[in-house]
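Fold and contact review
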Amino acid sequence: QVRLVESGGGLVQPGGSLRLSCTAPEFTSGSCGMDWFRQAAGKEREWVSRIHTDGSTLYHAAAKGRFTISQDKAKDTVYLQMNNLKPEDTAMYFCKPVGGSWCISYYSWGQGTQVTVSS
């Protein structure tokens, strides 16, 4: 398995912005989409956004209008641009390829990247 690598998190004030990155080698060549998840302390993992192979996107209601998911196929990287951040967005953020069995089995969960929104 290839380990996923998330980055870009940090401490930001409410209303601020962050851009998260997820590197998943060869995921675009394997016709995989990509999900972003987050897990806040004491809560269950929550799906945030998805980008499909064709570039179409989906968002959780809490993220829509503030977050934008995108991909750079040449870099095997997916981004999550997070604007107007709220304290409720505080969580560990993870990415995970989706699609066929290869997309699922080829990768393992990364360490995630911590996003903390606080004054």
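Reading the values: rules and limits
Residues numbered from 1 in each chain as written. Predicted model: local features only at pLDDT ≥ 70, side-chain atom pairs only at ≥ 80, totals over all residues. Heavy atoms only, no water. Pairing = 2+ DSSP bridges. Helix = DSSP H or I, 4+ residues; strand = E, 2+ residues; numbered from the N terminus. Axes fitted to C-alpha atoms, helices over the stretch in contact; angles between N-to-C directions. Buried < 20%, exposed > 50% of the residue type's maximum accessible area, 1.4 Å probe, protein only. Contact = heavy atoms within 4.5 Å.

Time to look at the sheet that holds strand E9 (residues 77–82). With antiparallel pairing, the four strands of this open sheet are ordered in space as E2-E4-E9-E8. Looking at the sheet topology across the chains shown, the edges are occupied by strand E2 (5–7) and strand E8 (67–72). Recorded for the sheet is a direction-independent mean angle of 15 degrees between the axes of neighbouring strands. As defined by bridge partners, strand E4 (residues 18–23) adjoins E9 across six bridges and the pair is classed as antiparallel. What sits directly across from Leu20, in E9, is Leu80.

Here we come to the environment of Val98. Mapped onto the secondary structure, Val98 falls in strand E10 (residues 91–98). By relative accessible area, Val98 is classed as buried at 17%. Taking the C-alpha atoms as reference, Val98 lies 5.5 Å from Met34; in sequence the two are 64 residues apart. When neighbours within four sequence positions are excluded, Val98 is seen to be in contact with Cys32, Gly33, Met34, Asp35, Arg50, Cys103 and Ile104.

A separate point is the pairing of E9. Counting buried positions along E9 gives five out of six residues, so the element sits mostly inside the fold. Here six bridges tie E8 to E9, and the two strands are oriented antiparallel to one another. The residue of E9 that forms the bridge with Phe67 is Met82. The antiparallel hairpin formed by E8 and E9 contains four residues in its connecting segment, where Asp76 sits at a positive phi of about 50 degrees.

Keep in mind these numbers describe shape, not what the thing actually does.
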